[in-house]
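# Examining the three-dimensional arrangement
So the chains spell out like this:
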Amino acid sequence: MEPTALFNTVTALWDDSVLPSLSEFVAIPAVSPAFDPDWAANGHLAAGVAHVRAWIADRGLPGAELEIVQLPGRTPLLLVDIPATPGHEDAGTALLYGHLDKQPPVGGWADGLDAWTPVIRDGRLYGRGAADDGYAGYAAIAAIEALRANGGAHGRCVIMLEACEESGSPDLEPYVRHLADRLGRVSLVVCLDSGSADYERMWLTTTLRGMVQVTVTVKVLNSGQHSGMVSGIVPSSFRVMRQLLDRIEDSATGHIKIAEMHVDVPAGRQDEIRESVATAPGFARAGIPFADGVAPVTGDEVEQVLNNTWGPTLSIIGADGLPLPADAGNVLRPFTTLVLSFRLPPTADSAAALEAVTKALTADVPYGAHVELTRTEHADGWNAPELAPWLRAALDSAGQEVFGGPWRTLGVGGSIPFMGLLNGIYPDAQFLATGALGPGQQRPRAGRVAAHRLRQEDHRGHRQGARRPRPTLTSGLLAAVRPQCRTAATPAASVDTGSRSQHLAVPDRRGGEHLWSTSSTIHCSPPRRRLATCRFPSRRCTPGWLRTLRAHRWCTASNRSVTAGRQCRSSPSSRRTCSGRCVSSD
């Protein structure tokens, strides 16, 4: 086949058919189940899957069988089974993977852009889910059609598009097991959910880091106390936490002290990293928004890549028990909670690493402080199997014919659990992982929530749209309202925020309630009721002080915060929150 003819076929198909359909897919708010508990009732995931299925069905590929598979209680999965071209039935089965669920909208989109409105600007499609990972099924079909249109041949191809990858792919293994007989023996797995270091050559993802995540709470008091009265007698929960973290990480260097988190880097992978750095210098830190004057951990680019792909790291991705600076009073806090996110080398045993972390945090705790570990999870990384001679030859040929140069490899610092899953199910298969996102575009996947939950992304940060501007996770988005009030309709009540689990509901005259939540935020309902700032006495405040509640309105439909009393673009879907601080009652 002539490469120019293939290129022209794909380009025409992409411009005339793929781009319009992919743009329509962007407009579907198919948020992953981790971010939409009512996903089944809302129907957006089903709509996204049905949309892509309809487009593929309209292509009329000879012999293609399409089915939306849905096991009870699980997200839908689109399966497209395309038979081999005549005479190539013995070529084996290629499994082409992608996913159709999306990260939530978040905020921080540039002017004129938002998550669910597809915009083509300077030849790029912006919108949630275009490159992560809505394009995958379209790209697979385009490749197969181009082969057929230009006289090429292929073996059996099965396209599998799941709908819960951004939630950690909890449904994928049950589906693969369920479909095992239909899938048969898979000889090649193609994953189109990764990225590249530049657009000048072909990039293969060969390693993914594993992860361990744990929420740790250090508790020293049953309720907060005046720091002037008890400091020096009661140990600080924050100081105890610091001592525990010192057992895990060297704060001066970032070196992780847990032996179970370290492995020997294979010599072949080290050689690949040196080749990649020499080919595309600077790619490791491309797109990272360093603050002015901040230097990377090391200036050696090879070490940067090794640290990011084979070195264990610790990131503190969440905290509780610490008020906002504007709300801080002279209180020795009862507890400190941190969410610890560890990234592990691709071949590390994540279960053993979690066990070692648990022991380090809970053994011989200073002062006998109470330590509680919750929301623990772990996942192994992935190290691609060695390329078979036939695949290496095919990549060499494609690299030269399409890009005019050799392909290179890339390690991804985040976690994509399904790669290890599929490798375990098909241990004899070859793996080819790549993707459309270029330098800097795959960051931040740790925003996978704050990733996989506005939990984890990497993972998992998160990738949003096709070569799209990266939305930022912002704080302080809600606007504070300062006026004071105290009315009979909203009676004062005592609130104890020393306990993370205590809630207080205060009824209002419309039958709604103001709820004090574990995150020290009051969620106010009904949504159309205007709230002002009210003072509630609080046992957390020291004598002579009152708790001041500041009301905010957050318009979920428009992703905007407005002052209470102003109109939202879609007020029925708005909600208000209230935050508080101690103020003198004198």
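Above: the structure in question.
Residues numbered from 1 in each chain as written. Predicted model: local features only at pLDDT ≥ 70, side-chain atom pairs only at ≥ 80, totals over all residues. Heavy atoms only, no water.

Ordered by their spatial adjacency, four strands build an open sheet running β11-β13-β9-β14, and the pairing between neighbours is antiparallel. Two strands bound the open sheet, and with one partner strand each, they are β11 (313-320) and β14 (370-379). On average, each strand axis in the sheet is inclined to that of its neighbour by 20 degrees, with strand direction left out of account. In this structure, β11 lies alongside strand β13 (residues 335-344), joined through seven bridges in antiparallel fashion. Note that in β13 the partner of G318 across the bridge is V339. Running at roughly 170 degrees to β14, helix α11 (residues 350-362) makes contact with β9 (210-219), β13 and β14 of the sheet. (Pairing = 2+ DSSP bridges. Helix = DSSP H or I, 4+ residues; strand = E, 2+ residues; numbered from the N terminus. Axes fitted to C-alpha atoms, helices over the stretch in contact; angles between N-to-C directions. Contact = heavy atoms within 4.5 Å.)

A word on unusual backbone geometry. Here the residue pair D132 and D133 is connected by a cis peptide bond, since its omega of 10 degrees sits within 30 degrees of zero. Relative to the helices and strands, D133 resides in helix α4 (residues 130-149). In this structure, V106 takes a positive phi of about 55 degrees despite not being glycine. The topology assignment puts V106 in the loop between β3 (93-99) and β4 (119-121). The phi dihedral of S169 is positive, around 55 degrees, even though this residue is not glycine. Along the chain, the position of S169 falls in the loop between β6 (156-162) and α5 (172-178).

Next up on the list: the environment of T309. For T309, the position within the fold is in helix α10 (residues 301-309). Residues T309 and V265, spaced 44 residues apart in sequence, show a C-alpha to C-alpha distance of 9.9 Å. Those residues in contact with T309 that lie beyond four places of it in its chain are T207, R209, I273, P345, P346, G411 and V412. Polar contacts involving the side chain of T309 include one to the main-chain carbonyl oxygen of V305, which spans 2.6 Å. (Polar contact = N/O pair within 3.5 Å; in protein donor to acceptor, adjacent residues only side chain to side chain.)

Looking at soluble globular proteins, one finds that nonpolar side chains tend to be buried together. One finds V52, I82, I159 and L395 to be the most contacted residues of the largest nonpolar core, which totals 43 residues. Where this core is concerned, the elements lending two or more residues are α1 (3-26), α3 (44-59), β2 (77-82), β3, α4, β6, β7 (186-191) and α12 (389-403). Among the elements that line this core, the one with the most residues is α4, at eight residues. If sequence neighbours within four positions are ignored, I159 has contacts with L78, L79, V80, I82, L96, A140 and I141. In terms of nonpolar packing, the next biggest core, distinct from the first, is built from 30 residues, L172, L179, F418 and Y426 among them. (Core = buried A, V, L, I, M, F, W, Y, C linked by side-chain atoms within 4.5 Å. Buried < 20%, exposed > 50% of the residue type's maximum accessible area, 1.4 Å probe, protein only.)

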